[in-house]
Amino acid sequence: MRDHRVRILSNAPEPPAYWRLRVRLSEAIAIRPGQFVMVRTREQWEPLWRRALVIYRMEEHAEGMDLEFLYKVLGRGTTLLSRQRPGDELEMLGPLGNGFPPNAETEVEAILISGGIGLPALYLLAEGLARDGRAVRLFHGEPTVEPNASLPFFEDFARALGPEAITLATEDGSRGFQGLVTEAVEAYLQRARPRRAIFYACGPTPMLRRVAEIATQRELPAYVSLEARMACGFGVCLGCAVKTQFASDRAPHYRRVCVEGPIFRAEEVIWNEL
Amino acid sequence: MRDHRVRILSNAPEPPAYWRLRVRLSEAIAIRPGQFVMVRTREQWEPLWRRALVIYRMEEHAEGMDLEFLYKVLGRGTTLLSRQRPGDELEMLGPLGNGFPPNAETEVEAILISGGIGLPALYLLAEGLARDGRAVRLFHGEPTVEPNASLPFFEDFARALGPEAITLATEDGSRGFQGLVTEAVEAYLQRARPRRAIFYACGPTPMLRRVAEIATQRELPAYVSLEARMACGFGVCLGCAVKTQFASDRAPHYRRVCVEGPIFRAEEVIWNEL
Amino acid sequence: MSCDLSVEIAGLRFKNPILTASGTFGYGLEFAPWFDLGRLGGICTKGLSLKPLEGNPPPRIVETHGGMLNSIGLQNIGVRAFVTEKLPLLRQFQTHIIANVFGSCFEEYLDVIRILDDAEGIAAYELNISCPNVKAGGMEFGNDPDEAARLTEACKRIARRPIIVKLSPNASDVVRVARAVEEAGADALSAINTILGLSIDIYTRRPRLATGMGGLSGPAIKPIALRMVYQIACAVRIPVIGIGGIATVEDALEFLIAGATAVQIGTANYYDPLVSIKILEGLQQFCQQQGITTIRTLIGSLQMDERLA
Amino acid sequence: MSCDLSVEIAGLRFKNPILTASGTFGYGLEFAPWFDLGRLGGICTKGLSLKPLEGNPPPRIVETHGGMLNSIGLQNIGVRAFVTEKLPLLRQFQTHIIANVFGSCFEEYLDVIRILDDAEGIAAYELNISCPNVKAGGMEFGNDPDEAARLTEACKRIARRPIIVKLSPNASDVVRVARAVEEAGADALSAINTILGLSIDIYTRRPRLATGMGGLSGPAIKPIALRMVYQIACAVRIPVIGIGGIATVEDALEFLIAGATAVQIGTANYYDPLVSIKILEGLQQFCQQQGITTIRTLIGSLQMDERLA
Ligand SMILES: Cc1cc2nc3c(=O)[nH]c(=O)nc-3n(C[C@H](O)[C@H](O)[C@H](O)COP(=O)(O)OP(=O)(O)OC[C@H]3O[C@@H](n4cnc5c(N)ncnc54)[C@H](O)[C@@H]3O)c2cc1C
Ligand SMILES: Cc1cc2nc3c(=O)[nH]c(=O)nc-3n(C[C@H](O)[C@H](O)[C@H](O)COP(=O)(O)OP(=O)(O)OC[C@H]3O[C@@H](n4cnc5c(N)ncnc54)[C@H](O)[C@@H]3O)c2cc1C
Ligand SMILES: Cc1cc2nc3c(=O)[nH]c(=O)nc-3n(C[C@H](O)[C@H](O)[C@H](O)COP(=O)(O)O)c2cc1C
Ligand SMILES: Cc1cc2nc3c(=O)[nH]c(=O)nc-3n(C[C@H](O)[C@H](O)[C@H](O)COP(=O)(O)O)c2cc1C
Ligand code: FES
Ligand code: FES
């Protein structure tokens, strides 16, 4: 964990509704899938807090390392970020958070589920599992997607997993499966009946809650990547607390999304206190 | 006076210590020499206030009008401005302020005096007087100037006035006259003894005060362009007040630099209350 | 369907709840080149005193993070010049003119009101009680509930128009002052005025304002102002006008939801002369999107857990 | 020539006046990966209570212009766990550890201090009196000068280490509280804690913090904090530690010039974990540039026109 001064290589909008940011670090650092950074622009006085971005992709090379991020422009922080140009510098604290646990068992199919801007949390995981020869499927949901738009993130995942391993769900049926991504997952489970499976999910809370329910019903393990308002990202403000329960015999208590998370086992999260 | 949304054409550093900004307005507007604008970048939350910049040069053309500014990077506002790129938009309120009065008399030599970033206030005035065939001299002071640096602003004035009409003074003698710009003016007055002259000055307060003294000693009229902290620039905050006295029989009272100024007659300014 | 934005305060109907704050909108006329003043719910004039006031020596303002300090010193042309020079032009606009009034002693407040009472085209008076009370050794009127109440009562007795008392956040207990002036007959309250602050030039080791301390305004104070407005609105029955750091339509909505019947836009006018109209349009748009047919359903709709309030 | 940055507070010598504020620096150890904690003048720990506290439900924080609201609910591991798990590691750094202490009643404050008194490696106690006093119906201890004084006295009586009382800006009259606790024996004061504020979600019409209101901190509050620190420093003879919105070396210098003997850096640690060291280095540099040989000549050097103060 350091406060890296990084240089922007590219920063541009990308369909359906994201921005892709590529930056260069002067050194290679160890990153676990699902870890994030806290970022701010140079001379940024407002907003005060840095913004959390999960590390989408990375590439080591002779000059150090390039990192890629996928983000959605929502408010002040991401608007400011979207106005930065190649050559501009960012301050990037990281890597932060626990990241996804390594998958010890080999015979298990990894089912990755994302909604909207939850997607970038899953790429390094997908790539790593595929590299290890595991079975991996990605289900990704969007509200809507232009029928003819090229989807660069799709190609990223297709290169890593093969195109047949990816399912796109759109709420309005504009492309792929019509319905919620969790419905696409359930349809798949009905159809393919994988013997052993594990869920990795990132997306809006209602989606994660539904993933947790499906996991419970089918007695499958599930990891979810949570979001919370973060002032620091490294464990000192206690602002990002979520209520969790580790084993049924211990009392529930707050854990920090930025340090003990953002990845939690779905059954440890007390969903109605989120 | 409008809040113009303008597009940056160029914005780059320029010796000895300034930045030159060129923007395009979609319409031509009437501007008096010495008038200013209040400017902020898009989505600027901090700093809160716009920053005052005098209109340095202008050029009308078929698509509207280009304005040029010369500025010095001092604090938050100008740092932010310096990080804007061609294509970015600015919000520009103006033109504001009274501007220099038209020079009615023809036989008078106009002596323009500037220190540091006071310079841009004088270009449109110089150009206008020269166009009208008046005698104009510019005296400009800098703390120091690289001996071999090209000085683009010098060329601007040289084109308008002829190079022989311009005197550069540097405090360390690195170029031109060695000493304060007001000393250069006095040396000139001693030497050339112009029969009738009028001063127009913009620069740091001590310089302006000295100009006022010289004007009083020699019984010459003098106009000075003042600076003040400005929250609005259009007369409603009353923050930019300076104490002035119009005629010896009227009590001194505060006037707004942004509306009744920034140009004042030197003898109207109560210098020890600035 | 467009939303009914009108609200009622002190028996007056305001076409919408967007007003501009005293001292940040000149005498109103300065903004006439920018937009039709008649679109505003109301305009609070620069503070008016009996005699013209020259104001404080410069520097009078300094920027801070998210705000500014001012010590203008209540510079104004005096109530008589206001009535003869400004009011005739101002009252032609279809909006409520609220005359902001102050004095350095009781009698001065009353004198200013008497003069205004004789003039046409004023809707109400707003008493600025954040003024040094010369008789009480320079303490603000607004610091002491009893004195604020006495002042309110005296003004109510003579004024032929409604009295809005503008509360000072520097009072020890603003809610107590609010209750006291309500009881004394105030028709409405406005809150907050600026918060006392300080800024220092580290090189000269002097305050950055010539007069020392000054009043803090702007987005920086919004959370504090909103909290106070909420607390005041809970404590009184008369309408409260919310002020403090409002710069966007979201800010204005927060104040309305917290219990303000209307809002005043202050410092934001300086860096965006069109901000009040932008907020008004944003409000109309928000209500339309949310299917709100009258703004009055929004006012005071904050759901605060009782245990927490 | 390098400047002597050391200052004395409550009989303790601090190598420099840059401390970190309670609740914004964890238990200190969280920052050990970032820099040598021994470079700091001191570290104020997260507030410690007798029993571990779970804290408030989320959302606990919200960003505002130039600041943030928090309602963490004083979550902490409890004083005993602090003494056994954190202190042994923390006291190895060459800096003063100040234990920030609170309770929901008098006895709890005393119990916490008793436990800490038995431990090694603590320099002083900082009493957080901005805590709801359960016995006084949830009112803050810090709101009432008499109660604050009684608490200070009780703590002084038993503590074997100096007591710093941390003042609440939400008190009706912070200067009166300052005077009262000085008289009750406080060795030093620190000011200010967070200012009560509110932020509302306009879509849900609920507060953005689960618990309703929260404490405002960050650059937004600096002018207010600086004003209060100046007023307090003028009113008491014991040292004052300045807190509130410090983010740059200029900010820290303003507080020292206003009369603070040292400062604490709070919210800025969140967005820049190295900020306290940057400020320390900036301070050293400033003194060198200005030819200041001891920081003590700077403290309280504000030239305020007497008529204005
Ligand atoms: C560990 C972690 C990793 C993250 N990784 C990524 C990433 O890789 N890419 C990415 O795009 N984002 C990511 N996020 C979310 C990202 O940090 C936020 O989107 C960002 O902070 C928003 O900042 P802002 O300044 O643009 O918006 P703000 O101004 O802070 O607020 C956003 C605006 O949108 C509203 N808003 C915020 N969230 C929601 C919501 N869920 N629904 C509706 N309105 C909302 C707010 O109320 C506000 O009006 C991550 C968050 C966490 C905690
Ligand atoms: C009518 C008018 C026209 C102007 N035209 C121009 C122009 O054309 N070009 C231009 O460059 N500037 C011009 N200025 C000045 C310009 O507005 C300021 O330089 C600018 O506002 C500084 O903003 P900032 O945010 O960079 O600095 P801020 O952060 O606001 O403050 C500047 C920093 O530098 C310090 N500082 C400010 N002034 C001085 C000083 N005189 N000496 C030492 N330190 C100082 C401050 O204390 C602060 O630390 C004009 C001003 C006025 C009133
Ligand atoms: C420069 C300035 C001058 C002001 N003058 C007055 C005044 O004359 N009378 C008054 O009641 N309030 C005055 N105020 C206070 C504002 O009306 C308002 O209450 C305060 O600024 C908070 O709102 P804001 O944060 O939106 O600016 C003044 C404020 C500023 C910034
Ligand atoms: C999230 C958070 C938690 C805090 N917890 C405590 C605490 O436990 N005890 C305490 O005395 N002050 C606490 N404070 C107050 C700070 O120590 C400090 O007084 C205040 O934040 C103002 O300083 P700042 O603006 O630099 O942050 C906390 C502040 C924040 C933001
Ligand atoms: S974001 Fe500060 S503790 Fe997690
Ligand atoms: S800058 Fe506001 S009145 Fe001149």
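Before going into details, it helps to say that this report is about the structure given with it. A quick note: this is a predicted structure, and the numbers were derived from the prediction, not measured.

Quick notes on the rules
- Residues numbered from 1 in each chain as written.
- Chains lettered and ligands numbered in written order.
- Predicted model: local features only at pLDDT ≥ 70, side-chain atom pairs only at ≥ 80, totals over all residues.
- Heavy atoms only, no water.
- Helix = DSSP H or I, 4+ residues; strand = E, 2+ residues; numbered from the N terminus.
- Polar contact = N/O pair within 3.5 Å; in protein donor to acceptor, adjacent residues only side chain to side chain.
- Contact = heavy atoms within 4.5 Å.
- Buried < 20%, exposed > 50% of the residue type's maximum accessible area, 1.4 Å probe, protein only.
- Pairing = 2+ DSSP bridges.
- Right-handed = clockwise from strand over helix to strand, strands pointing away.
- Disulfide = S-S within 2.5 Å.
- Buried area = accessible area lost by both parts, 1.4 Å probe.
- Salt bridge = Lys/Arg side-chain N within 4 Å of Asp/Glu carboxyl O.

## Details of the side chain of Arg60 of chain C
Phase 1: Mapped onto the secondary structure, Arg60 of chain C falls in the loop between strand 4 (42-44) and strand 5 (61-64).
Phase 2: Side-chain polar atoms of Arg60 of chain C contact the backbone oxygen of Leu238 of chain B, separated by 2.8 Å.
Phase 3: Within polar-contact distance, the side chain of Arg60 of chain C engages the backbone oxygen of Asn56 of chain C at 2.6 Å.
Phase 4: If near-sequence neighbours (up to four positions away) are discounted, Arg60 of chain C is found in contact with Leu238, Gly239, Ala241 and Tyr254 of chain B together with Glu54, Gly55, Leu69, Asn70, Ser71, Ile72, Gln75 and Leu209 of chain C.

## Digging into the pairing of strand 7 (residues 96-101) of chain C
Residue and element names in this part refer to chain C.
Phase 1: In terms of burial, strand 7 is a largely internal element, 6 of the 6 residues being buried.
Phase 2: Of the two faces of strand 7, the one carrying His96, Ile98 and Asn100 and the one carrying Ile97, Ala99 and Val101 are both buried.
Phase 3: Bridge count between strand 4 and strand 7: 3 bridges; the pairing is parallel. The partner of Cys44 across the bridge, within strand 7, is Ile98.
Phase 4: In the classification by handedness, the crossover that spans strand 7, the intervening helix 2 (residues 106-117) and the parallel strand 8 (residues 124-128) is right-handed.

## Here's the deal with the state of the cysteines
Phase 1: Considering all chains together, one arrives at 0 disulfides over all chains under this definition.
Phase 2: For the unlinked cysteine Cys131 of chain D, the closest cysteine sulfur is that of Cys105 of chain D, found at 11 Å.

## A word on the environment of Ile129 of chain D
Residue and element names in this part refer to chain D.
Phase 1: Examined against the element boundaries, Ile129 turns out to sit in the loop between strand 8 (124-128) and helix 3 (145-158).
Phase 2: By relative accessible area, Ile129 is classed as buried at 0%.
Phase 3: Residues Ile129 and Asp305 lie 176 residues apart in sequence; the distance between their C-alpha atoms is 33 Å.
Phase 4: What Ile129 contacts, discounting residues up to four positions off in sequence, is Tyr109, Glu140, Phe141, Gly142, Ala148, Leu151, Val165, Lys166, Leu167 and Val177.

## Side note on the interface of chain C and chain B
Phase 1: Chain C puts 32 residues into the contact, and the matching count from chain B is 27 residues.
Phase 2: Of the roughly 2500 Å² buried between chain C and chain B, counting both surfaces, carbon and sulfur atoms make up 61%.
Phase 3: Across the contact surface, chain C and chain B share 2 salt bridges.
Phase 4: Arg40 of chain B is the salt-bridge partner of Asp272 of chain C, the closest N and O atoms lying 3.8 Å from each other.
Phase 5: Among the secondary structure elements, those contributing two or more residues to the side of chain C that touches chain B are strand 5, strand 6 (67-70) and helix 7 (268-271) of chain C.
Phase 6: Ranked by the residues each element gives to the side of chain C that touches chain B, the list is headed by strand 5 of chain C, at 4 residues.

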